[in-house]
Amino acid sequence: MIKELEKLISLHDLDVMISDLANKDISKQEKKLGLSPDSAAERLQKMRSKLALTIDRKYRDLYDQLASHYGNAVVPVVNQLCSGCFTQLPTAFCASPERNDQVETCPSCGRFIYWCN
Ligand SMILES: [Zn+2]
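Residues numbered from 1 in each chain as written. Predicted model: local features only at pLDDT ≥ 70, side-chain atom pairs only at ≥ 80, totals over all residues.

Chemist: Would you mind going over the nonpolar core with me for this structure?
Modeler: Proteins that are soluble and globular tend to have nonpolar side chains buried together. One finds Leu 8, Leu 11, Tyr 63, Leu 66, Ala 73, Val 74, Val 75, Val 77, Cys 82, Cys 106, Phe 112 and Ile 113 forming the largest nonpolar core, which totals 12 residues. For this core, the secondary structure elements donating two or more residues are helix H1 (3–22), helix H4 (57–70), strand E1 (74–78) and strand E4 (112–115). It is E1 that provides the largest number of residues to this core, a total of three residues. What Val 77 contacts, discounting residues up to four positions off in sequence, is Cys 82, Ser 83, Leu 89, Cys 94, Ile 113, Tyr 114 and Trp 115. (Core = buried A, V, L, I, M, F, W, Y, C linked by C-beta atoms within 7 Å. Buried ≥ 20, exposed ≤ 12 C-beta atoms within 10 Å, placed from the backbone. Helix = DSSP H or I, 4+ residues; strand = E, 2+ residues; numbered from the N terminus. Contact = placed C-beta atoms within 7 Å.)

Chemist: Would you take a moment to explain the environment of Gln 88 for this structure?
Modeler: Within the secondary structure, Gln 88 sits in the loop between strand E2 (81–82) and helix H5 (91–95). Linking Gln 88 and Val 77, residues 11 residues apart in sequence, is a C-alpha distance of 9.4 Å.

Chemist: Looking at this model, I keep getting lost on the environment of Pro 107. Mind explaining?
Modeler: When you line up the elements, Pro 107 lands in the loop between strand E3 (104–105) and E4. Under the C-beta neighbour-count criterion, Pro 107 is labelled partly exposed, with 13 such atoms within 10 Å. Counting along the chain gives 57 residues from Pro 107 to Lys 50, while the straight-line C-alpha distance between them is 30 Å.

Chemist: Looking at this model, I keep getting lost on the environment of Val 16. Mind explaining?
Modeler: Looking at where Val 16 falls in the secondary structure, it is placed in helix H1. Linking Val 16 and Ala 73, residues 57 residues apart in sequence, is a C-alpha distance of 11 Å.

Chemist: Teacher, can you tell me more about the sheet that holds E3 here?
Modeler: To summarise the sheet geometry, strands pair through backbone hydrogen bonds and adopt either a parallel or an antiparallel arrangement. Spatially, four strands are ordered E2-E1-E4-E3 in an open sheet, and the strand pairing comes out mixed. Looking at which strands have only one partner, the edges of the open sheet turn out to be E2 and E3. Bridge count for E3 against E4 is two bridges, and the pairing is antiparallel. In the strand pairing of E4, Glu 104 is matched with Ile 113. (Pairing = 2+ DSSP bridges.)

Chemist: Can you walk me through the packing of H1 against helix H3 (residues 37–53) in this structure?
Modeler: Axes are the key here: two packed helices are described by the angle between their axes and the distance separating the axes. Between H1 and H3, whose axes approach to 10 Å, the crossing angle comes to 160°. For the element pair H1 / H3, the angle class is roughly antiparallel. Here H1 and H3 pass one another in a crossing that is left-handed. Every residue of H3 that contacts H1 at Lys 7, Ser 10, Leu 11, Leu 14, Met 17, Ile 18 and Leu 21 is listed here: Pro 37, Ala 40, Ala 41, Leu 44, Gln 45, Met 47, Arg 48, Leu 51 and Ala 52. Along the lines of polarity and charge, the residues of the contact of H1 with H3 split into 12 nonpolar, two polar and two charged. (Axes fitted to C-alpha atoms, helices over the stretch in contact; angles between N-to-C directions. Parallel < 35°, antiparallel > 145°, perpendicular 65-115°, else oblique. Left-handed = near helix turned anticlockwise from the far one by under 90°. Nonpolar A, V, L, I, M, F, W, Y, C, P; charged D, E, K, R; others polar.)

Chemist: Hey, could you run me through the pairing of E1 in this one?
Modeler: Moving residue by residue along a regular strand, the side chains alternate between the two faces of the sheet. Here E1 runs beside E4; their pairing, made up of four bridges, is parallel. Among the inter-strand pairings, Val 75 is bridged to a residue of E4, identified as Ile 113. Here E1 hands over to E2 after two residues, with Asn 79 in that stretch at a positive phi of 50°.

Chemist: Explain unusual backbone geometry to me, please; I cannot follow it from the model alone.
Modeler: Glycine aside, a negative phi is what most residues show, and trans is what most peptide bonds show. The phi angle at Asn 79 is positive, at roughly 50°, despite the residue not being glycine. Within the fold, Asn 79 resides in the loop between E1 and E2. Looking at Asn 79, the number of C-beta atoms within 10 Å reads 8, which means it is exposed. Although it is not a glycine, Gln 80 sits at a positive phi angle of roughly 65°. The topology assignment puts Gln 80 in the loop between E1 and E2.

So far we have only geometry, and geometry alone does not tell us how the molecule works.
Here it is in structure tokens:
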């Protein structure tokens, strides 16, 4: 898998964690466990900012657009379906051995897509 794609997936994972920490129920549970969700959120934000700076500007801008529009900008392809919009992707597209060697977007919803297998 190419670095740019790995970074986009990591950016998405960080955004999910940051958003989870902003969730009051999850935050309450973390405090019960003796964790400090506020400082964790701050650290995750710093990690996110650092990571975002290393991502190609065009991908970063597209990521931000997709994230604000859909909530999730990077989704896996499962059984040739985009897991964002459930569109069946063309077989040739899915069969390519280099499918994770470039940054691809879903032809239907435009989200970044990657293959797990
Ligand atoms: Zn899609």
